[in-house]
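Descriptive structure summary
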Amino acid sequence: LHALRATITRRAADQNWFLKASSDARSKRKSCDLDAARERWSQALAALDADPGARCGRVAEEEGRAKADFAELTRKIAWREVLGKSLAKAEAETAPERRLDILRPVTSRLGALNADCFSAETKRASVLAAAASKALTAPADNDLSRRLPADDALASVVADVRAERARSLEAAGASEKAV
């Protein structure tokens, strides 16, 4: 009878610990501490594996939710690692069009992940994409005008180009008459 009472007491303590640990893990996940949440759910599920008889009632329901949340969390952690590698590759890329090619699937995946706990990655991708886009766009009109030579120099260059074109047309016309 004492052994049965000790088993019941231990099982109740295990169930209470599991419920508290699962709640703690869910709280850590909501605060975006994904690694700590994964560790806590691993511990909680291991406690139930050690005592299969503890799986009943509310604990069994919570175990189902915990397993689903743990699987989702594991996928998010894996995506965070993949996205981090892709972002590092995009940062290393010097060609803006190639950088945008690398960032396109990253931003798509971030959108599918609802940016939940991925704010640093989202910001990093946004900054990289904005810089690459700016490098690919044409400069503003006032930037172009600063690049042009002064008006008198420009008129001289245009006159030289026209004269050269006229000479080449005359030469082409003379060679056609000779044939």
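In the block above lies the structure referred to throughout.
In short, a report on the structure. Note that the structure is a prediction, hence the values are computed from the model and not measured.

Definitions and limits used
- In this numbering scheme, every chain counts its residues from 1 along its sequence in written order.
- At least 70 in pLDDT is required for a residue's local features to be given in this predicted model, at least 80 for side-chain atom pairs to be given and counted, and no such filter applies to totals for whole chains, interfaces and linings, which use all residues.
- The side-chain values count all of the structure's non-hydrogen atoms but skip hydrogen atoms and water molecules.
- Only C-alpha atoms enter the line fits that serve as axes; for helices the fit covers just the stretch in contact. Angles between N-to-C directions range over 0 to 180 degrees.
- A run of H or I in DSSP becomes a helix once it reaches four residues, and a run of E becomes a strand once it reaches two; helices and strands are each numbered from the N terminus.
- Orientation labels follow simple angle bins: below 35 degrees gives roughly parallel, above 145 gives roughly antiparallel, 65 to 115 gives roughly perpendicular, and whatever is left gives oblique.
- By convention, the crossing between two helices is left-handed when the near helix turns anticlockwise from the far helix through less than a right angle, and right-handed when the turn is clockwise.
- Contacts were defined at the residue level, with two residues in contact if any of their heavy atoms lie within 4.5 Å.
- Think of it as three bins: nonpolar holds Ala, Val, Leu, Ile, Met, Phe, Trp, Tyr, Cys and Pro, charged holds Asp, Glu, Lys and Arg, and polar takes everything else, Gly as well.
- A patch consists of residues exposed above 30% relative accessible area that lack any salt bridge, with like charges linked at up to 9 Å and nonpolar side chains (Val, Leu, Ile, Met, Phe, Trp, Tyr) linked at up to 5 Å.
- Here, Shrake-Rupley sampling with a 1.4 Å probe gives the accessible areas, and only protein chains in the shown set may cover a residue.
- The working definition used for a salt bridge is a side-chain nitrogen of Lys or Arg within 4 Å of a carboxyl oxygen of Asp or Glu.
- Here the term buried applies to any residue with accessible area under 20% of the maximum for its type, exposed to any over 50%, and partly exposed to those in between, with areas from a 1.4 Å probe on protein chains only.
- In protein, a polar contact means a hydrogen-donor-capable atom and an acceptor-capable atom, both N or O and within 3.5 Å, with residues adjacent in sequence counting only if both atoms are side-chain atoms; elsewhere, any N or O pair within 3.5 Å suffices.
- Buried Ala, Val, Leu, Ile, Met, Phe, Trp, Tyr and Cys residues that are joined via side-chain atoms within 4.5 Å together make up what is termed a nonpolar core.
- Helix span is expected to be 1.5 Å times the residue number reduced by one.
- Here the arc refers to the set of directions running from the helix axis out to each C-beta atom.

**Examining the packing of helix 1 (residues 2-30) against helix 3 (residues 58-92)**
Taken N-terminus to C-terminus, the directions of helix 1 and helix 3 make an angle of 30 degrees; their axes are 10 Å apart at the nearest point. For the element pair helix 1 / helix 3, the angle class is roughly parallel. Of the two elements, helix 1 crosses helix 3, and the hand of that crossing is left-handed. Here Gln15, Phe18, Leu19, Ser22, Arg26 and Arg29 of helix 1 come into contact with helix 3, specifically with Arg58, Val59, Glu62, Glu63, Arg65, Ala66, Asp69, Glu72 and Leu73. Split by residue class, the contact of helix 1 with helix 3 holds five nonpolar, two polar and eight charged.

**Brief notes about the packing of helix 2 (residues 34-50) against helix 3**
It is the contact of helix 2 with helix 3, at a shortest axis distance of 10 Å, that shows an interaxial angle of 145 degrees. Here the hand of the crossing between helix 2 and helix 3 comes out left-handed. In contact with Leu34, Asp35, Ala37, Arg38, Trp41, Ser42, Leu45 and Leu48 of helix 2, helix 3 contributes Val59, Glu63, Ala66, Lys67, Asp69, Phe70, Leu73, Thr74, Lys76, Ile77 and Arg80. Partitioned by chemical class, the residues of the contact of helix 2 with helix 3 number 10 nonpolar, two polar and seven charged.

**With respect to unusual backbone geometry**
If you check the backbone angles, cysteine 32 has positive phi at about 70 degrees while not being a glycine. Tracing the backbone through its elements, the reader meets cysteine 32 in the loop between helix 1 and helix 2.

**Details of a nonpolar patch on the surface**
On the surface, a nonpolar cluster with roughly 390 Å² of combined accessible area is contributed by Leu1, Leu4 and Ile8. Structurally, leucine 4 can be placed in helix 1.

**Details of the side chain of glutamate 62**
Assignment of secondary structure puts glutamate 62 in helix 3. Judged by relative accessible area, which is 7%, glutamate 62 ranks as buried. Polar contacts involving the side chain of glutamate 62 include one to the side chain of serine 22, which spans 2.4 Å. In this view, glutamate 62 contacts Phe18, Leu19, Ser22 and Arg26; residues no more than four positions away in its chain are not counted.

**Observations regarding the nonpolar core**
Of all hydrophobic cores here, the largest spans 16 residues; its most connected members are Phe18, Leu34, Trp41, Leu48, Val59, Ala66 and Leu73. Secondary-structure elements contributing two or more residues to this core are helix 1, helix 2 and helix 3. With six residues, the top contributor of residues to this core is helix 2. The contacts of leucine 34, once residues within four sequence positions are left out, are Arg29, Leu73, Lys76, Ile77, Arg80 and Cys117. By size, the runner-up hydrophobic cluster in this structure holds 14 residues, among which are Leu87, Leu100, Ala129 and Ala132.

**A short note on helix 5 (residues 119-136)**
Here helix 5 contains 18 residues, and its C-alpha end-to-end distance of 26 Å stays within 8% of the 26 Å for a straight helix at 1.5 Å per residue. Taken together, the buried positions of helix 5 are occupied by Glu121, Ala125, Leu128, Ala129 and Ala132. Seen along its axis, helix 5 keeps its buried residues to an arc of 100 degrees; they face one direction. Projecting away from the buried face of helix 5 at angles above 90 degrees are the exposed residues Ser119, Ala120, Lys123, Val127 and Lys134.

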